[in-house]
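In case you want the letters, here they are:
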Amino acid sequence: MQHEPVVRLEGVTKKVSSKTLVENVTLDIPPGQVFGFLGPNGAGKTTTIRMMVGLTSISQGDIKICGYSIKEHFEKAVSNVGAIVENPEMYKFLTGYQNLRHFARMMTGINDARIQEVVKLVGLNNRIHDKVKTYSLGMRQRLGVAQAILHRPKLLILDEPTNGLDPQGIRELRDYLRHLCHEEGTTVFVSSHLLSEMELMCDSVAIIQNGRLIDVRSLKDGSIEGQDAALETEFMVDEPVKALSILQGGTQQGSLITLKLNRDEVAEMNARLVQAGIKVYGIHTVTRSLEEQFLEMTGGDPIG
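Fair warning: this is a prediction, and the values are worked out from it, not measured in the lab.

**Things to note about the overall build of the protein**
Next up, step 1: Scanning the protein for helices and strands turns up 10 helices and 14 strands.
Next up, step 2: Taking all 304 residues of the protein together, 45% fall into the buried category.
Next up, step 3: Considering only residue pairs separated by 6 or more positions, the protein has 67% of its internal contacts joining residues 24 or more positions apart.
Next up, step 4: Approximately 15400 Å² of the protein is accessible, and the part contributed by carbon and sulfur atoms is 46%.

Spelled out as structure tokens, the structure:
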């Protein structure tokens, strides 16, 4: 079904001896999104990804990819997955094209037209016949993405894909991932410690701490909380004391009155001020960045 999650984590737990690395994580990843995975150092991000691709076993619970259980139908589940865990491994003495041809031989139904298609998708047309040893790190990341999507997976998993990239490389990767979602309909699950980039790249993010899922946030419409949530809103007015008496529950600083309102309430409060003869010079929503919200939820733990 169209609205079924591409990935469903059901009470996933990973234990090693007496230590619990991931505890009872339940999460749905919807189709057609770039979905971010955030957490402090040692939170369980990579362990979760390794369970998703079958590189480590699941102690309790299950992971279903496109409806197939990793435990019961592993081959069918992972046939829907393309992944880069840590750094993409390529044969540096071969060209980019030769690397893709080599990987294509391991799969069925991948012809030269498909190889050319993914090369164009990741923007390597001009360098695909150069040897990989001449590639920058950003180009190797793009070649890795091309290799991972050769078989048209429903899900692309990337573990810290921006590590070591310069700002230009990060921006290029971000653009290619969003293009991949729109052009191929691929869902992208990406972990990263660069919160500002995740905010630009992702449609939604899940936040994990100490092995537990603590929040899932939508980043759509340029708003972390969403349109119906109460957001801190500033009114710049000519009579702040009088305005404060009308906008009850607000705080005043100079000519600014600040209070939490949803979208409909902003319009209502603005109308009240105008009716009272108060000039409103500006209305501004005070949004908190993903980084600020992350630090608030995790108690200021470092990210990684």
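Moving on from the model shown.
**Focus: the pattern of salt bridges**
Two side chains carrying opposite charge are able to pair once their charged atoms lie near each other.
Next up, step 1: Within the structure shown, the criterion is met by 10 salt bridges.
Next up, step 2: With its nearest N and O atoms 3.8 Å apart, the salt bridge here joins K64 to E10. Residue K64 is found in strand β4 (residues 60–65), and its partner E10 is found in strand β1 (residues 7–16); the two are separated by 54 residues along the sequence.
Next up, step 3: A salt bridge links E23 to R212, with the shortest nitrogen-to-oxygen separation between them at 3.1 Å. Note that E23 is positioned in strand β2 (residues 19–29) and R212 in strand β10 (residues 212–218), a separation of 189 residues in sequence.

**With respect to helix α4 (residues 112–121)**
Next up, step 1: Every buried residue belonging to α4 is among R114, I115, V118, V119 and L121, and all of these are buried. For α4, the angular spread of the buried residues around the axis is 160°, confining them to a single face. Away from the buried face of α4 by more than 90 degrees, exposed residues A113 and K120 are located.
Next up, step 2: Along its buried surface, α4 packs onto α3 (96–104), α5 (137–148) and α6 (167–184).
Next up, step 3: Note on α4: the residue one or two positions beyond its end, G123, has a positive phi of about 75°.

**What about the side chain of Q33?**
Next up, step 1: Here Q33 is to be found in the loop between β2 and β3 (34–38).
Next up, step 2: When its relative accessible area of 8% is taken as the criterion, Q33 is described as buried.
Next up, step 3: Reaching out from Q33, the side chain makes a polar contact with the side chain of S204 at a distance of 3.0 Å.

**Looking at the sheet that holds β4**
Strand-to-strand pairing in sheets goes through backbone hydrogen bonds, with the strands running parallel or antiparallel.
Next up, step 1: Taken in spatial order, the four strands of this open sheet run β2-β1-β4-β5, and their pairing is antiparallel. Pairing within the sheet leaves two strands with one partner each, and these edge strands are β2 and β5 (68–69).
Next up, step 2: Across five bridges, β1 lies against β4 in antiparallel orientation. Paired with L9 across the bridge in β4 is I63.

**Quick look at the sheet that holds strand β7 (residues 155–159)**
Next up, step 1: Overall, mixed pairing links the six strands, which are arranged β6-β7-β8-β3-β9-β10 in an open sheet. Sheet topology places β6 (81–84) and β10 at the edges, where each strand pairs with a single neighbour. The average angle at which neighbouring strand axes cross in this sheet is 15°, direction not considered.
Next up, step 2: Here β3 runs beside strand β9 (residues 204–209); their pairing, made up of four bridges, is parallel. Within β9, the residue paired with G36 across the bridge is V205.

**Description of the nonpolar core**
Next up, step 1: Grouped together as the largest cluster of nonpolar side chains are 42 residues, with contacts concentrated most on L100, L156 and V188.
Next up, step 2: With sequence-adjacent residues up to four places away left out, V188 is seen in contact with Q33, V34, F35, L156, L158, L177, L180 and C181.
Next up, step 3: Core analysis: the second largest hydrophobic core is formed by 27 residues, L9, F35, I63 and I70 among them.

**Brief notes about the environment of G42**
Next up, step 1: Here G42 shows up in the loop between β3 and α1 (45–52).
Next up, step 2: Judged by its relative accessible area of 76%, G42 falls in the exposed class.
Next up, step 3: Sequence-wise, G42 and N210 are 168 residues apart; in three dimensions their C-alpha atoms are separated by 7.1 Å.

**Some thoughts on the packing of α4 against α6**
Next up, step 1: Where α4 meets α6, the closest approach of the two axes is 10 Å, and the angle between their N-to-C directions is 135°. Between α4 and α6, the angle is such that the two are oblique. In contact with R114, E117 and L121 of α4, α6 contributes Y176, H179, L180, E183 and E184.
Next up, step 2: Looking at side-chain class alone, the contact of α4 with α6 contains three nonpolar, one polar and four charged residues.

**Some remarks on the packing of α3 against α5**
Next up, step 1: Running from N to C, α3 and α5 point in directions that differ by 25°, and their axes come no closer than 10 Å. Between α3 and α5, the angle is such that the two are roughly parallel. Here α3 and α5 pass one another in a crossing that is right-handed. In contact with G96, L100 and F103 of α3, α5 contributes L143, A146 and Q147.
Next up, step 2: Here the residues of the contact of α3 with α5 sort into four nonpolar, two polar and no charged.

Criteria and cut-off values
Residues numbered from 1 in each chain as written. Predicted model: local features only at pLDDT ≥ 70, side-chain atom pairs only at ≥ 80, totals over all residues. Heavy atoms only, no water. Helix = DSSP H or I, 4+ residues; strand = E, 2+ residues; numbered from the N terminus. Buried < 20%, exposed > 50% of the residue type's maximum accessible area, 1.4 Å probe, protein only. Contact = heavy atoms within 4.5 Å. Areas by Shrake-Rupley, 256 points an atom, 1.4 Å probe, with all protein chains shown as cover. Salt bridge = Lys/Arg side-chain N within 4 Å of Asp/Glu carboxyl O. Arc of directions from axis to C-beta. Polar contact = N/O pair within 3.5 Å; in protein donor to acceptor, adjacent residues only side chain to side chain. Pairing = 2+ DSSP bridges. Axes fitted to C-alpha atoms, helices over the stretch in contact; angles between N-to-C directions. Core = buried A, V, L, I, M, F, W, Y, C linked by side-chain atoms within 4.5 Å. Parallel < 35°, antiparallel > 145°, perpendicular 65-115°, else oblique. Nonpolar A, V, L, I, M, F, W, Y, C, P; charged D, E, K, R; others polar. Left-handed = near helix turned anticlockwise from the far one by under 90°.

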